[in-house]
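The primary structure of each chain is shown beneath.
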Amino acid sequence: MLTLAAFALLGARPAAAFCRSTTVAAPVEWDPAALGCFAEGVPLLWRSRCLTYALQENGTRAFSFETARAVTAAAFAAWGNTRCAGAAPSLLVREREPVACNELQYNQRGWPNANVVLFRDDDWPGAGGAFTVALTTVSFDTRTGEIYDADIELNSADHTFAVGDSISNDAFDYASVITHEIGHFLGIAHSADEDATMNRDYGPGETTLRDLSADDGAALCAVYPPSGVRVLAGGAPFVATCNPEPNGGFTAACVPAGSDAGPPPGSGGCHLAPGVRREGCGGGVLAILALAARRRPGAAAPAQRP
């Protein structure tokens, strides 16, 4: 069985099992079905009605770049096709051209950015080692919960991803994994609803996370209602407008270390927002949402890296 490593959870309602991602990381073992939504921090959300994402141009050796592109677009569309009492949520996500940069960066001081989906075929640099299947890293304002940037990494170095109607028991359904990670990208945490895409339990060979449940839709509609009203922590409600450009504009290239963009002092060369800390970077808040592998009964353990 797979367990999606818990991030911050908030906002469960009596009639719904969904939870909101927040600025504080929950313990890895946190189970919303048993413990409810993790209540520390302030909820995360995007300010704009419009967002963009881009695939890293190297793709994966597991399947063609065009296949990765089509499946990723369909997963974003699954969230976008949600209806809130018959109306569309106030969020529109579109794809940009592929990007060359294969690093996780959130560049400050006016430099451009991109929200990136990338595969790690050769080596997994992220947290959790070989047991981690995917990570979503979110940069945000620690005071208000506004998301500045989100990047999704797939651990294709240690795990096999597959596409299609039938997925073998030793592979992970890319459509299911990316649909779940997009939920984190949008500010939604794990759900106590066992039928939800955002539920924390998932097994290899299964395609169950591809299709959103009513609970997933309720989460999206709660965060991005059709009215367009947004509420950031500590601020008054406002009606969101459409600005699809990342902060500083869009770029397909990495911003080089040591440039005038510069990381924050003491960050160890990492170009990350004040609200993010990755391994080896200083300051900020950990904001990594992970899909971490555990064995199902009778299944072989995933290979461990040295």
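Residues numbered from 1 in each chain as written. Predicted model: local features only at pLDDT ≥ 70, side-chain atom pairs only at ≥ 80, totals over all residues. Heavy atoms only, no water.

K.L.:
Would you mind showing me how to read the nonpolar core here?
P.N.:
One recurring pattern in soluble globular proteins: nonpolar side chains tend to sit buried together. Membership of the largest hydrophobic core comes to 44 residues, with the highest contact counts inside it found for L154, Y174, F185 and L186. At six residues, helix 3 (residues 174-185) tops the list of elements feeding residues into this core. Once residues lying within four places of it in the same chain are set aside, the contact partners of F185 are W46, L51, T52, Y53, F76, N115, T136, I147, A150 and I152. A54, A114, V116 and L118 belong to the second-largest nonpolar core, a separate cluster that totals seven residues. (Core = buried A, V, L, I, M, F, W, Y, C linked by side-chain atoms within 4.5 Å. Buried < 20%, exposed > 50% of the residue type's maximum accessible area, 1.4 Å probe, protein only. Helix = DSSP H or I, 4+ residues; strand = E, 2+ residues; numbered from the N terminus. Contact = heavy atoms within 4.5 Å.)

K.L.:
Any chance you could explain the pattern of salt bridges here in plain terms?
P.N.:
Pairing of side chains with opposite charge becomes possible as their charged atoms draw close. Applying the stated rule across the entire model yields nine salt bridges. Salt-bridge contacts for E146 lead to R47; the nearest nitrogen and oxygen are separated by 3.5 Å. Linking E146 in the loop between strand 5 (132-140) and strand 6 (147-154) with R47 in the loop between helix 1 (32-35) and strand 2 (50-55), this pair joins segments that are 99 residues apart in sequence. The salt bridge partner of R210 is D173, with a shortest N-O separation of 2.8 Å. Here R210, found in the loop between strand 9 (201-202) and helix 4 (214-223), pairs with D173, found in strand 8 (residues 172-173); they are 37 residues apart in sequence, far enough to count as distant. Exposure remark for R210: the relative accessible area of 23% places this residue in the partly exposed category. By relative accessible area, D173 is classed as buried at 0%. In the salt-bridge network here, residues are joined through shared partners; they are E66, R69 and E95. (Salt bridge = Lys/Arg side-chain N within 4 Å of Asp/Glu carboxyl O.)

K.L.:
I keep staring at the state of the cysteines and nothing clicks. Help me out?
P.N.:
Working definition of a disulfide: a covalent bond connecting the sulfur atoms of two cysteines. For the coordinates displayed, the defined rule picks out four disulfides. In this model, C84 is linked to C221 through a disulfide, with the two sulfur atoms separated by 2.0 Å. The sign of the S-S torsion, about -85 degrees, decides the handedness of the disulfide formed by C84 and C221: left-handed. One end of the pair, C84, is in the loop between helix 2 (65-80) and strand 3 (92-95); the other, C221, is in helix 4, with 137 residues separating them in the sequence. The pair C84 / C221 is uniform in exposure class, with both members buried. (Disulfide = S-S within 2.5 Å.)

K.L.:
Please clarify how the packing of aromatic side chains should be interpreted in this entry.
P.N.:
Here the distance between the centres and the angle between the planes together describe a pair of aromatic rings. Throughout the structure, instances matching the rule amount to eleven aromatic pairs. A ring pair is formed by F119 and F161, whose centres lie 6.4 Å apart and whose planes are at 80 degrees; its orientation type is edge-to-face. Of this pair, F119 sits in strand 4 (residues 116-119) while F161 sits in strand 7 (residues 161-162), and the two are 42 residues apart along the sequence. In terms of burial, F119 and F161 fall into one category: buried. On the basis of relative accessibility, which here comes to 4%, the residue F161 falls in the buried class. An aromatic cluster of at least three residues, connected via ring pairs, comprises F63, F119, F161, F172 and Y174. (Phe/Tyr/Trp six-rings, centres within 6.5 Å; stacked < 30°, edge-to-face > 60°.)

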